Amino acid sequence: MNWNISAFILIVATFTAHYSQAWVYFVHIYVSPCGSDRYTGFSERYPLKTIPRALGHINSADNRDKNIVIELMCGTCGDTCYFDLKSTLVITNTGKRTLTIRAYKADNTGGARIPWYAFKPVTDSVNLQDVAKPNVLQVYLPDVGITDLGEISTFGYYFRRTSFFEMFENDIPGRLARYPNEGYINIDTPGGDGKSFTYVSDRPKTWKNETDIWAHGFWYWGWADRSYKVTELDAVKKSVVVSDKVMYGIRKGYYNHANPTDGGYHKQGGHFRFINVLYELDSPGEFFVDRINQILYVWPYKNSKYVFGDVIQTSIINTCIKISDYSSNILLKGFTVEACRKHGIEAKRVENVVFSELKIQNLGSYGIVADGKQVKIDRCEIKNTDGGIDISGGIRKTLTPSGHVISNNVISKFGRVGYVGSDGINLRGVGIHIHHNTFDTGSYTGIHWAGNDHTFEYNHLFKMCTTASDCGAFMAGREWTWRGNQIRSNYIHGTKGTIPGADTRGIMLDDQLSGVHIEHNVFVNNDVHCNIGGGRDTIVRSNIFYNASKYSMQFDSRGKFGGGHTRRTLLVLLKRVPYQNELWTKRYPELASILNSTSSPGNPENNIIVNNVFYSKHIKAIDGNKYGSNWFLVADNIYTPVKENFYAPAYGNFRLICSLRDVKINVPVTANEVGPRDTVGPIAIRHMSAAPGFAVGTPQAQIRCPQALPPVQPPRKLYLPDGSAPNHIYSDVPKQGCWFRFEMCPNHIRRISIPSRPYYRYKTNDGAGTNETICLDLTTKMMQECGKGAKFSIIYGPTGAMTVGGEGCFFAWYGCPRVGLYRTGIERDNWAERHVNGAYDEKACLNRAIPQWRYCGQNTSYPVVSIFKPTGHFKVSGGGCYIKPDKCPGNTNLDRMFYDGDGAANYGTDDIMESCYQRAEYFWKQCGSDPKYPVTAFFRPEGRSIRYPR
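Residues numbered from 1 in each chain as written. Predicted model: local features only at pLDDT ≥ 70, side-chain atom pairs only at ≥ 80, totals over all residues. Heavy atoms only, no water.

Quick look at the overall build of the chain
Part 1 of the argument: Secondary structure summary: the chain contains 12 helices and 67 strands in total.
Part 2 of the argument: Principal-axis analysis of the C-alpha atoms gives the chain an extent of 125 × 75 × 60 Å.
Part 3 of the argument: Considering the chain as a whole, with its 950 residues, one finds that 58% of them fall into the buried category.
Part 4 of the argument: For the chain, contacts bridging at least 24 residues in sequence account for 67% of all contacts bridging at least 6.
Part 5 of the argument: Accessible area for the chain stands at about 39100 Å²; split by element, carbon and sulfur atoms hold 51% of it.
Part 6 of the argument: Taking the average place of the 108 positive charges on the side chains of the chain and the average place of its 87 negative ones, the gap between the two points comes to 4 Å. (Helix = DSSP H or I, 4+ residues; strand = E, 2+ residues; numbered from the N terminus. Buried < 20%, exposed > 50% of the residue type's maximum accessible area, 1.4 Å probe, protein only. Contact = heavy atoms within 4.5 Å. Areas by Shrake-Rupley, 256 points an atom, 1.4 Å probe, with all protein chains shown as cover. Lys, Arg positive; Asp, Glu negative; His and termini not counted. Charge placed at Lys NZ, Arg CZ, Asp CG, Glu CD.)

Structure (structure tokens):
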């Protein structure tokens with residue numbers, strides 16, 4: 001609280017620091033809806049009536065050098081706390097003086113209101129459904145002074161719309177009548193011209209005389225919505241032609257209302273809605289404007305007739321308030337701005353402008369649009385818009401910061417008509433500080449940034465990306481040079497996909513974005529918590545990743561070896577900034593040397609993912625190709641399947657307790673520490689914003705730490721012995737040395753095994769007798785010695801691990817229960833040899849293990865081993881996490897491969913690959929931390945392994 005109060009004092013100080021001279025005065029001008037523009041306005045008893053008249057006073061000769069305070073008052077002449085704007089309110093202030101416009105017992109400015117008593121029941125002749133007629137009201141708009149009904153125009157996908165005529169009931173936006181009300185209609189067959197298609201619905205057959213139908217949908221991608229006017233509709237043929245060629249094209253749709261995300265990535269797009277259809281005015285809150293007859297139809301949200309006290313507003317003017325270019329030293333404080341067709345406030349090329357304790361709502365586009373220097377937006381409530389705040393400033397070439405601060409605001413329900421590009425905050429430039437804000441329910445991104453040296457901290461983002469795919473609560477992309485950005489100590493919560501397409505994420509670093517620091521955040525219940533989409537030099541450190549639906553983290557190498565956007569975009573953008581001058585080199589040294597590396601600059605190098613805590617059950621914690629290379633350093637993370645290791649998740653408190661109490665990580669930020677630190681909104685309606693999505697208060701129940709569970713019993717041993725269990729094929733092999741059992745050795749026939757001499761000991765001084773790996777790697781050498789037709793087994797006596805040599809690609813298995821095959825043994829993989837050249841291509845042969853195990857049902861009792869006999873190399877797919885120390889001086893009981901039953905019971909190692917990998921480090925330390933003796937962890941469900949240290 002003290003921090004926030006101090007910050008506000010600083011805000012006021014920026015206005016007063018330059019005016020300490022005795023000759024500077026403050027002039028108060030009073031304005032009231034009950035006043036008169038014939039008054040002077042210099043006293044409460046004689047206020048002016050309109051704000052434009054008050055603004056006209058500020059440049060008079062008497063006031064030119066004085067600081068001005070315009071006080072917005074209520075009165076005694078009816079509904080007297082509302083200033084109807086007949087046109088955009090233009091505010092201009094230049095020079096050193098300050099201009100303050102603030103609420104003085106008043107509240108609202110904005111669109112036109114319709115008296116509640118002006119609405120009448122509809123007539124029987126109106127083309128409505130029977131269920132709607134008793135509930136729908138109408139008003140002839142010229143009777144209430146409204147003649148500008150606007151037009152529907154394009155919206156969606158980054159289009160900054162000027163809205164059609166809208167109505168708002170008791171602060172709640174109405175919804176233009178549409179079909180369907182929820183969900184979408186699927187496209188059946190796209191036409192060849194890019195703007196025609198057939199659809200899957202019979203509903204339009206019921207419509208009559210609908211003359212201005214539009215269609216809004218995701219036509220090809222789940223990240224690109226757009227609206228188009230319908231120029232032709234044949235309800236019998238179920239065909240549509242729209243006004244323009246559809247951006248990105250049209251595809252067949254697979255939207256499933258019962259399971260909206262069911263189609264996945266490959267079946268995204270191809271679905272839409274019809275909007276502006278009178279016949280579909282069929283539920284509370286919907287409206288329709290008959291522009292020909294100038295009638296507004298509405299089914300009230302309250303599902304009954306309007307009565308005294310109901311406030312019905314309409315949007316008439318475009319932008320509510322415009323601050324003139326190059327204005328400065330302005331404070332707007334404590335009132336409501338609402339019901340305009342475009343922006344609430346627009347302030348371009350301004351300096352030292354503050355917006356404080358405002359309520360900005362029910363707009364066609366962004367609530368506040370600003371650029372310039374030293375813009376501060378504090379303690380405002382912005383809701384029901386197509387975007388919250390759009391702000392830019394600073395100079396990238398010189399890295400001059402903008403000085404903008406956005407703090408203690410609540411931004412909610414944005415992207416209500418157009419979706420993609422209607423962000424909570426969209427920012428560009430240098431050095432913008434965004435802190436202690438709450439973002440609650442947005443169709444697309446909460447914070448969408450571009451530029452350098454931005455800081456995002458102590459924000460709470462809840463339920464972002466509610467209508468689009470391939471989206472992030474935090475999001476930026478396709479740049480190497482946007483460096484110095486920090487995302488720290490935020491809560492990112494409830495980002496869930498609702499349509500087919502790519503994943504939604506808590507933080508989305510798209511298309512090779514690089515150099516972001518992500519630290520001390522708490523991620524809760526997102527589809528994917530965080531991704532690194534092929535970028536470089538990103539640090540993900542000391543975060544809590546709790547309960548992802550899909551993955552805690554994703555990363556990939558989409559730009560490797562110059563692919564992706566490397567050549568056609570990123571190298572071009574790199575040349576536009578002085579990334580190798582002294583200033584940029586000192587600030588971003590990794591960027592300065594990006595082209596000096598011997599590898600491609602498109603490779604995702606130097607990403608660091610360390611000291612994080614992951615909680616997921618049966619969820620792969622990290623998904624990324626090139627895992628384990630120098631591209632992604634993943635180390636010192638904690639993986640737990642036990643929710644009791646967190647203090648109170650339901651209350652937003654993820655402090656580590658129980659078995660994680662000694663983990664060295666900063667105390668996680670709690671839900672009560674993010675979001676606004678003070679009341680929000682105008683003086684008359686201030687409120688404190690609770691953390692959305694979490695229980696309020698303090699948990700009362702005593703926390704009981706669960707006891708460590710007993711080790712899980714190992715899955716069924718491999719048919720091909722690997723040393724983790726006794727050799728069941730050759731149980732009588734001596735326990736010392738490296739041994740061969742020959743069935744065929746054409747060049748050395750005396751080596752053939754006979755009952756009196758079943759095994760042939762390999763004796764050299766190359767270490768094969770005391771090193772399992774060297775022993776089993778003798779296959780290729782023995783194939784050369786024995787010649788064509790060789791067939792033999794190699795067994796390492798101390799552990800019983802073995803492999804087989806010969807010709808071809810084979811399985812070692814217990815059969816395939818899915819197809820009723822239960823044969824046990826080592827059998828030729830005929831499919832691999834016929835279709836992928838498996839008899840001669842080792843990689844193709846060994847890659848068969850995982851798909852074959854999955855095809856057979858992923859049953860841990862039926863593991864699959866693929867063996868390429870010419871080299872003896874094999875690959876395992878099955879259940880469990882296995883640990884194999886090279887040597888374990890610190891614990892001789894761990895000197896052979898073993899199943900990690902303790903890890904499976906208490907750390908989720910059977911299900912979480914990274915938890916399995918982390919155990920390699922754990923057991924390496926148990927064995928004495930000797931770099932000469934690494935430990936390997938095998939995660940059999942994915943057929944992958946890692947050595948520690950690498």
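Section: the environment of His-271
Part 1 of the argument: The topology assignment puts His-271 in strand S19 (residues 271-275).
Part 2 of the argument: Using a relative accessible area of 0% as the deciding quantity, one classes His-271 as buried.
Part 3 of the argument: Considered as a pair, His-271 and Gly-183 are 88 residues apart in the sequence and their alpha carbons are 8.9 Å apart.
Part 4 of the argument: In terms of polar contacts, His-271 uses its side chain to reach the backbone carbonyl oxygen of Gly-269, at 3.3 Å. (Polar contact = N/O pair within 3.5 Å; in protein donor to acceptor, adjacent residues only side chain to side chain.)

A word on the nonpolar core
Part 1 of the argument: Residues Ile-70, Ile-91, Leu-332, Phe-355 and Trp-449 are the most contacted members of the largest nonpolar core, which totals 96 residues.
Part 2 of the argument: Setting aside residues up to four positions removed in sequence, Trp-449 forms contacts with Leu-427, His-454, Phe-456, Phe-474, Met-475, Ala-476, Trp-482, Asn-485, Ile-487, Leu-509, Leu-513 and Val-516.
Part 3 of the argument: Phe-119, Ile-275, Leu-296 and Ile-312 belong to the second-largest nonpolar core, a separate cluster that totals 24 residues. (Core = buried A, V, L, I, M, F, W, Y, C linked by side-chain atoms within 4.5 Å.)

Some remarks on the sheet that holds strand S11 (residues 172-173)
Part 1 of the argument: Strand order across the open sheet formed by 4 strands is S7-S22-S10-S11, with antiparallel pairing between neighbours. Looking at the sheet topology across the chains shown, the edges are occupied by strand S7 (112-114) and S11. (Pairing = 2+ DSSP bridges.)

Some remarks on the pattern of salt bridges
Part 1 of the argument: Counted by the stated rule, this structure contains 49 salt bridges.
Part 2 of the argument: Of the charged contacts, one joins Asp-386 and Arg-161 as a salt bridge, the two residues approaching to 2.9 Å between their closest N and O atoms. Pair noted here: Asp-386 is in the loop between strand S29 (381-385) and strand S30 (389-393) and Arg-161 is in the loop between strand S9 (137-140) and strand S10 (167-169), with a separation of 225 residues, a long-range link. Arg-161 shares its class with Asp-386; the two are buried.
Part 3 of the argument: Linking Arg-587 and Asp-453 is a salt bridge whose minimum nitrogen-to-oxygen distance equals 2.6 Å. You can see Arg-587 sitting in helix H4 (residues 582-587) and its partner Asp-453 sitting in the loop between strand S36 (447-452) and strand S37 (455-457), a full 134 residues away along the chain.
Part 4 of the argument: With a relative accessible area of 39%, Arg-587 lands in the partly exposed category. (Salt bridge = Lys/Arg side-chain N within 4 Å of Asp/Glu carboxyl O.)

Quick notes on the pairing of strand S35 (residues 438-442)
Part 1 of the argument: One ladder, built from 4 bridges, connects strand S32 (residues 410-414) with S35; its direction is parallel. Paired with Val-410 across the bridge in S35 is Thr-438.
Part 2 of the argument: Across 3 bridges, the pairing between S35 and strand S38 (residues 460-462) is parallel. Bridging from a neighbouring strand, Asp-440 pairs with Phe-462 of S38.

Some words on the packing of aromatic side chains
Part 1 of the argument: Applying the stated rule across the entire model yields 50 aromatic pairs.
Part 2 of the argument: Between Trp-116 and Tyr-117 the ring centres are 5.7 Å apart and the planes differ by 80°, which places this aromatic pair in the edge-to-face class.
Part 3 of the argument: Assessed through its relative accessible area of 30%, Trp-116 is described here as partly exposed.
Part 4 of the argument: The class for Tyr-117 is exposed, based on a relative accessible area of 53%.
Part 5 of the argument: Three or more aromatic residues joined by ring pairs make a cluster, and in this case those are Tyr-157, Tyr-158, Tyr-220, Trp-221, Trp-223, Tyr-248 and Tyr-444.
Part 6 of the argument: It is Arg-251 that lies over the ring of Trp-221; its NZ or CZ is 5.2 Å from the centre.
Part 7 of the argument: Of note, Arg-716 hangs over the ring of Tyr-862, and the distance from its end group to the ring centre comes to 5.6 Å. (Phe/Tyr/Trp six-rings, centres within 6.5 Å; stacked < 30°, edge-to-face > 60°. Lys NZ or Arg CZ within 6 Å of the ring centre and 35° of its normal.)

Side note on the UniProt feature "domain: Right handed beta helix" (unreviewed entry) in the chain
Part 1 of the argument: When the UniProt feature table is mapped onto this chain, "domain: Right handed beta helix" (unreviewed entry) is found at residues 344-418 and 424-557.
Part 2 of the argument: The span residues 344-418 carries 0% helix and 61% strand; its end-to-end C-alpha distance comes to 17 Å.
Part 3 of the argument: This span, residues 424-557, is 0% helix and 52% strand, and a straight line between its end C-alpha atoms measures 29 Å. (UniProt positions renumbered as here; feature names shortened; annotations may be inferred.)

Looking at the sheet that holds strand S67 (residues 944-948)
Part 1 of the argument: The strand order S65-S64-S66-S67 describes an open sheet built from 4 strands, whose pairing is antiparallel. Pairing within the sheet leaves two strands with one partner each, and these edge strands are strand S65 (898-899) and S67.
Part 2 of the argument: Bridge count between strand S66 (residues 935-939) and S67: 5 bridges; the pairing is antiparallel. Bridge pairing in S67 links Phe-938 to Ser-945.

Focus on unusual backbone geometry
Part 1 of the argument: Here the residue pair Tyr-179 and Pro-180 is connected by a cis peptide bond, since its omega of -5° sits within 30 degrees of zero.
Part 2 of the argument: Take Pro-180: it is sitting in the loop between strand S13 (178-179) and strand S14 (185-190).
Part 3 of the argument: Of note in the backbone geometry, Tyr-326 takes a positive phi value of approximately 70° without being a glycine.
Part 4 of the argument: Assignment of secondary structure puts Tyr-326 in the loop between strand S23 (321-323) and strand S24 (328-333).
Part 5 of the argument: A positive phi is found at Arg-349, a non-glycine position, where the angle reads about 55°.
Part 6 of the argument: Tracing the backbone through its elements, the reader meets Arg-349 in strand S26 (residues 345-356).

Details of the state of the cysteines
Part 1 of the argument: Scanning the entire structure with this criterion turns up 9 disulfides.
Part 2 of the argument: Here Cys-465 engages in a disulfide with Cys-471; their sulfurs sit 2.1 Å apart. Looking along the S-S bond of the Cys-465-Cys-471 disulfide, the torsion reads about -75°, which is the left-handed sense.
Part 3 of the argument: Classification of Cys-471 as buried rests on a relative accessible area of 0%.
Part 4 of the argument: Sulfur-sulfur distance for the disulfide between Cys-738 and Cys-775 comes to 2.1 Å. Negative torsions about the S-S bond denote left-handed disulfides, and the value of about 80° found for Cys-738 with Cys-775 makes this one right-handed. (Disulfide = S-S within 2.5 Å.)

Side note on the pairing of S36
Part 1 of the argument: Within S36, 6 of the 6 residues are buried, leaving the element largely enclosed by the surrounding structure.
Part 2 of the argument: In this structure, strand S33 (residues 425-430) lies alongside S36, joined through 6 bridges in parallel fashion. Bridged to Val-430 within S36 is Asn-452.
Part 3 of the argument: Sheet analysis places S36 next to strand S39 (residues 471-477), joined by 2 bridges and oriented parallel. The partner of Ile-447 across the bridge, within S39, is Phe-474.

Some points on the confidence of the model for the chain
Part 1 of the argument: In the predicted model, the chain carries a mean pLDDT of 91, and the fraction of residues at 70 or more is 94%.
Part 2 of the argument: Residue range residues 1-23 is modelled with pLDDT below 50. Its contacts to residues more than four positions away, or to other chains, number 30 contacts. (pLDDT = per-residue confidence, 0-100.)

Describing helix H12 (residues 913-926)
Part 1 of the argument: For H12, with 14 residues, the first-to-last C-alpha span of 20 Å sits near the 20 Å given by 1.5 Å per residue.
Part 2 of the argument: Across the 14 residues that make up H12, a large majority, 11, are buried.
Part 3 of the argument: Taken residue by residue, H12 has Met-913, Glu-914, Ser-915, Cys-916, Tyr-917, Gln-918, Arg-919, Ala-920, Glu-921, Phe-923 and Trp-924 as its buried positions.
Part 4 of the argument: Of the residues trailing H12, Gly-928 is marked for its positive phi of about 115°. (Expected span 1.5 Å × (residues − 1).)

So, the environment of Phe-165
Part 1 of the argument: Examined against the element boundaries, Phe-165 turns out to sit in the loop between S9 and S10.
Part 2 of the argument: Each residue touching Phe-165, except ones within four places of it in the same chain, is listed here: Leu-141, Ile-146, Asp-148, Leu-149, Phe-287, Val-289, Arg-291, Leu-296, Thr-314, Ser-315, Ile-316 and Arg-341.

Focus: the side chain of Lys-869
Part 1 of the argument: Structurally, the position occupied by Lys-869 is in the loop between strand S62 (864-868) and strand S63 (873-877).
Part 2 of the argument: Although Lys-869 is buried, it forms no salt bridge, and the closest oppositely charged side chain is Glu-743 at an N-O distance of 6.5 Å.
Part 3 of the argument: For Lys-869, the residues in contact, after removing those within four places along its chain, are Thr-779, Lys-791, Val-804, Gly-805, Gly-806, Glu-807, Gly-808 and Phe-810.

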